[in-house]
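# Structural characterization, general
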Amino acid sequence: MRRLSAPAPFVLGLLAVTACGSERASGPERQPSAPELAGGDFTVRLTAEPFEVVLARGDDALLRFPADALLLGRVDAIDDSRLHDPYLLAGESPLYAPPEGLRWLPVEAAELVESTPSSWRIALTHAEARRSELSVALEAPGRYAARLAPAAEGAPIAFVKLAPRVDPTEAFYGLGEHFDTPNHRGKLRAMQLELDGSIESTNNEAHVPVPFLIGTQGWGLFVESYYPGAFAVATTADDVVEASFGTVGPLPAGAAETLTFHLFAADHPLDVTRHYYEVTGYPRLPGRWALGPWIWRDENDDQAQVEADLDSIRDLDLATTAYWIDRPYATAVNTFDFEPTQFPDADAMYAKMRALGFRTALWHTPYLDAEHSATEALRAEAEAGGYFPLERGLLLNKWGEPIDLTNPAAYDWWQALVKRYTDRGVAGFKLDYAEDVVIGGLGGRTPWRFADGTDERTMHARYQLYYHRVYAELLGDDGFLLCRGGTFGDQQSVSVIWPGDLDADLSRHRESRVDRDGSTYVAVGGLPASIVAGLSLGPSGFPFYGSDTGGYRHSPPDKETFTRWFEQTALSSVMQVGTSSNDVAWEPTAENGFDAELLGWYREYTRLHLRLWPYAWTYATRIAETGRPLQRPLGLAHPELGVHPEHDYLFGDSLLVAPVVDRGARERQVVFPAGRWAHWFTGAVHAGDTHATVPAPLGELPLFLREGGIVPMLRPTLDTLSPTTEPDRVDSYATTPGLLYARAFVGGAPSAFELFDGARLEQAPSATGVTLRSTDGAELRHGVVWELIAFGAAPAEVAEGGAPLPRAGSVAELEALERGWAHDPELGGTLRVKLPPGERVATITR
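This section reports on the structure supplied with the text. Computed from a predicted structure; not experimentally measured. (Residues numbered from 1 in each chain as written. Predicted model: local features only at pLDDT ≥ 70, side-chain atom pairs only at ≥ 80, totals over all residues. Heavy atoms only, no water.)

### What to know about the overall build of the chain
Each helix and strand in the chain was counted, giving 13 helices and 49 strands. Against the 2.2 N^0.38 benchmark of 28 Å for 846 residues, the chain shows a C-alpha radius of gyration of 29 Å, consistent with a compact globule. The principal-axis extents of the C-alpha atoms in the chain amount to approximately 85 × 75 × 50 Å. Counting all 846 residues of the chain, 62% fall into the buried class. Once local pairs closer than 6 in sequence are excluded, the contacts in the chain between residues at least 24 apart make up 69%. Across the chain, the 72 positively charged side chains and the 116 negatively charged ones have centroids separated by 4 Å. (Helix = DSSP H or I, 4+ residues; strand = E, 2+ residues; numbered from the N terminus. Rg over C-alpha atoms; globule rule 2.2 N^0.38 Å. Buried < 20%, exposed > 50% of the residue type's maximum accessible area, 1.4 Å probe, protein only. Contact = heavy atoms within 4.5 Å. Lys, Arg positive; Asp, Glu negative; His and termini not counted. Charge placed at Lys NZ, Arg CZ, Asp CG, Glu CD.)

Listed below in structure tokens is the structure:
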């Protein structure tokens, strides 16, 4: 990391800046010191020799903006018919010719015109005497807002580029959803969906681009622009990041003709996202039940099949909290009904769902099927009201133009129609498609025009905000939206991102594959791509993510693919299960190869996901305090390791997840951070600050618990989080939270875990043993069962309040006791200690 020298004196006046970035300050002999915007340990400094704007933590420079890092892209004239796309420009596409006269203009002179302890403004003169103004303001310690505003006079400006200098060895995370690697070093990333004929989907899969980049040194750069953009992340030089935006086209009402960007700094890179949330809004939490397993079929035959699935799930003891119905279910897209011959009594079906402890959701889109007679009346009403876009480009769906939700009347009308479903008990929606509004292709625009005066140059991103908000407002705090697309700020409406149609296999993104019929294709990617997408989204502001467990394209998944996929999604924020060939774990076919062994594993992992709910929900509620996602890329969580694996991550603070993503692999190399780590399923202990090859048989996820880590869980019989009216058949958290289970790997320093409801669990090792303390919460107040894995031999004594606790001969005997303990040799020696409600302290003597 570059260290800062003492800043050169700065003049409240004119600076001469050479093209290569060296300057001389002119002015009176007695000069004021350089202005410094300080907040806590963080500063933005403005220096004169050389001219630089520097974001720093203490004496360490995190980001540096020299004279050639604030660039205006001038052109001879603005051609409104052409595409001003920095991604095609940076990628030097042979199909894209730069605008006539494009030249990048660096800063040549600067004049500080205003300086206060919390802000300053500086007038910049670029090459060709083109002028702009740069302003920077301290908003909070480690958070700064900046604006670069080109003057109206002079040659037209079609692009703006920021090119800060960074540490040449650090890694970079964020930028929204990507499928190849969560570390963006050496990558060119588009901030919009682009046509791409080289891949099976024919687009670049940039469904959720977010112009927010995080460096592992502890900084963030967020460019608050909906215009087409691109980030070239250390592609031209190891120490340069370029963020370019094409700034041509009408803006939303009230928006200024400036490029607004934000500089963030934190002691740990995981904490940078909190600053981003302070600017763009904190994420909407899904309903609690949405963090339990969901099931769906791509095409339900009818109501009878849905109800048979509900019974099968409960009869086979498969933990599940929700069931969503994908299309087709309505008479047409979208008639806001249920097709009467397919679903003759939808209300009775919903009643059965509620009785068996399921919440339900529906697939939906913002269209009215133009080819179906059932939508004629709604389409006529929409056309009469002016509810479609004023001008439309190329349609990328089967049904017609999207509703123009920037029109307040259209927005209210559509929301009233959606309410027909929520009034019947629908608790969520899978919002698909709505990606018709693209910026163009082959250098030309595909013009759209909307009621708010904007066009596709910003609505390619902004349409998602309207589309998701119109549904979110109906659902309140207990619903969820599963969304395919998104943009910055959209996390306030979107509950969960789903990555669209991934391959039902173990392919990497853009890997060449051979299909079953012998044809070849370039894959979007399967399980490996899904994991990368989730790890990219979390730090980017979308902490809840759920892919189709098993994949979608080229389905069905085989036994190995499906098993490896549900192993991983069980240790993720959202576990939703379904494929395009309607595979469910209890229906083996010749094509999928499922069997009783797979069903047993599936039962184990869906229940593990559900049991982990108190752990996951606690971290979900902490996002509002820390900004940290549930799933944390290992290289971002532990940059000191100096490695950035694509698929390894921490789930919360204490669980290290190393999914198996290679076909036929039965072992896995794992990088362990400092400390000791116990294997969740075997109890084998691994030292930290090293890597090791661990066994990974099919059905066993490499999952490790950090020493000192405490993982609160629900009881092992739980079926659902959703309410039920049949408690004898369905075990629900809504009936009673029941005993809290606390799995821990005791050792190291004393540690504690405070749950979402105020319950608290503590472990304090000593030379002679360990002390356990439990305190009730508002909900979890029915006693605790501690499970201490990798404990070793049975202890000499377990006591509470100085009185020895009785030892049970088995786990079954312990369950019958109010308090007591049991030991068995499994998992490296497991000690279980059961304590009744209240504040309890147990002392274990080895």
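### A few points about the pairing of strand β42 (residues 760-765)
Pairing between strand β41 (residues 751-754) and β42: four bridges, direction antiparallel. Bridge assignment links Phe753 to a residue of β42, and that residue is Leu761. Counting the residues in the hairpin turn of β41 and β42 gives five residues, including Gly758, whose phi is positive at 95°. Here β42 pairs with strand β43 (residues 769-775) via six bridges, running antiparallel. Directly across from Glu762, in β43, lies its bridge partner Arg773. Here β42 folds back onto β43 in antiparallel fashion, the turn holding three residues. (Pairing = 2+ DSSP bridges.)

### A word on the packing of aromatic side chains
This structure, assessed with the given rule, holds 46 aromatic pairs. Ring centres of Phe338 and Tyr421 lie 5.6 Å apart, and the angle between their planes is 75°; this geometry places the pair in the edge-to-face category. Separated by 83 residues along the polypeptide, Phe338 in the loop between β22 (322-325) and α4 (346-355) and Tyr421 in helix α6 (residues 408-422) bring together distant segments of the chain. Relative accessible area serves as the criterion here: at 7%, Phe338 is assigned to the buried category. We classify Tyr421 as buried; its relative accessible area is 1%. Both rings, one in Tyr615 and one in Phe753, keep their centres 5.7 Å apart while their planes meet at 25°; by these two values the pair is stacked. In this pair, Tyr615 is assigned in helix α11 (residues 613-626) and Phe753 in strand β41, connecting sequence segments 138 residues apart. One aromatic cluster in this structure is built from Tyr329, Phe336, Phe338, Phe343, Tyr350, Tyr387, Trp413, Trp414 and Tyr421. The residue whose ring lies beneath Lys161 is Trp104, and the NZ or CZ to ring-centre distance is 4.2 Å. We note Arg743 situated over the ring of Trp680; from NZ or CZ to the ring centre the distance is 4.3 Å. (Phe/Tyr/Trp six-rings, centres within 6.5 Å; stacked < 30°, edge-to-face > 60°. Lys NZ or Arg CZ within 6 Å of the ring centre and 35° of its normal.)

### Regarding the environment of Glu153
Relative to the assigned elements, Glu153 resides in the loop between β12 (143-150) and β13 (157-162). You can call Glu153 exposed: its relative accessible area is 59%. C-alpha of Glu153 to C-alpha of Asp404: the two residues are 251 residues apart in sequence and 35 Å apart in space.

### A few points about the packing of helix α8 (residues 527-537) against helix α9 (residues 559-569)
Two elements in contact, α8 and α9, have axes separated by 10 Å at closest approach and are oriented at 15°. Between α8 and α9, the angle is such that the two are roughly parallel. Our pair here, α8 against α9, has a crossing hand that is right-handed. Residues Leu527, Ser530 and Ile531 of α8 form the contact with α9, whose participating residues are Arg564, Trp565 and Gln568. Per-class residue counts for the contact of α8 with α9 are three nonpolar, two polar and one charged. (Axes fitted to C-alpha atoms, helices over the stretch in contact; angles between N-to-C directions. Parallel < 35°, antiparallel > 145°, perpendicular 65-115°, else oblique. Left-handed = near helix turned anticlockwise from the far one by under 90°. Nonpolar A, V, L, I, M, F, W, Y, C, P; charged D, E, K, R; others polar.)

### What about the sheet that holds strand β36 (residues 685-687)?
Taken in spatial order, the six strands make up an open sheet running β31-β32-β33-β38-β35-β36, and their pairing is antiparallel. Two strands in the sheet have a free side with no partner beyond their single neighbour: β31 (631-633) and β36. Within the sheet, the average angular offset between the axes of one strand and its neighbour, ignoring direction, is 30°. Sheet topology places strand β35 (residues 676-679) next to β36; three bridges connect them, and they run antiparallel. Within the sheet, the bridge partner assigned to Ala678 lies in β36 and is Val685.

### Points about helix α3 (residues 303-315)
Helix length check: α3, at 13 residues, gives a terminal C-alpha distance of 18 Å against a target of 18 Å (1.5 Å per residue), a fit within 8%. Listed as buried for α3 are Gln303, Gln305, Val306, Glu307, Asp309, Leu310, Ile313 and Arg314. Where α3 is buried, its residues contact β21 (294-297), β22 and α4. A distance of 3.2 Å separates the backbone nitrogen of Ala304 from a side-chain oxygen at the start of α3, and that oxygen is part of Asp302. Looking one or two residues past α3, Asp317 carries a phi angle of roughly 60°, positive in sign. (Expected span 1.5 Å × (residues − 1). Polar contact = N/O pair within 3.5 Å; in protein donor to acceptor, adjacent residues only side chain to side chain.)

### Observations concerning the side chain of His275
Within the secondary structure, His275 sits in helix α2 (residues 272-280). With relative accessibility at 2%, the residue His275 sits in the buried group. At 3.0 Å, the side chain of His275 and the backbone oxygen of Ala265 are in polar contact. In contact with His275, other than residues within four places in its own chain, are Pro141, Gly142, Arg143, Phe264 and Ala265.

### What to know about the packing of α6 against helix α7 (residues 456-475)
Packed helices, taken two at a time, are described by their axes: the angle between them and the distance between them. Packing of α6 against α7 leaves a shortest axis separation of 10 Å and a crossing angle of 45°. When the axes of α6 and α7 are compared, the pair comes out oblique. Where α6 crosses over α7, the handedness of that crossing is right-handed. Across the interface between the two elements, Tyr411, Trp414, Gln415, Val418, Lys419 and Thr422 of α6 pack against Tyr466, Arg469, Val470, Tyr471, Glu473, Leu474 and Leu475 of α7. In the contact of α6 with α7, the residues fall into eight nonpolar, two polar and three charged.

### Overview of the pairing of strand β9 (residues 107-116)
In the case of a regular strand, side chains alternate between the two sheet surfaces. As paired strands, β9 and strand β10 (residues 119-126) are joined by eight bridges and run antiparallel to one another. Across the sheet, Ser115 pairs through a bridge with Trp120, a residue of β10. The turn joining β9 and β10, which pair antiparallel and follow one another in sequence, is formed by two residues.

### What to know about the environment of Gly642
Within the element layout of this structure, Gly642 appears in the loop between α12 (634-637) and β32 (649-651). Through-space distance from the C-alpha of Gly642 to that of Glu170 is 8.5 Å; in sequence the pair is 472 residues apart.

### Considerations on the nonpolar core
With 186 residues, the main nonpolar core has Trp414, Phe429, Leu571, Trp786 and Val833 as its most contacted residues. In terms of residue count, α7 provides more of this core than any other element does, eight residues in total. In contact with Phe429, not counting residues within four places along its chain, are Ala361, Leu362, His364, Val418, Tyr421, Thr422, Tyr471, Leu475, Phe480, Leu481 and Leu482. Counting 50 residues, the second largest nonpolar core, distinct from the first, contains Val107, Val166, Trp219 and Phe261. (Core = buried A, V, L, I, M, F, W, Y, C linked by side-chain atoms within 4.5 Å.)

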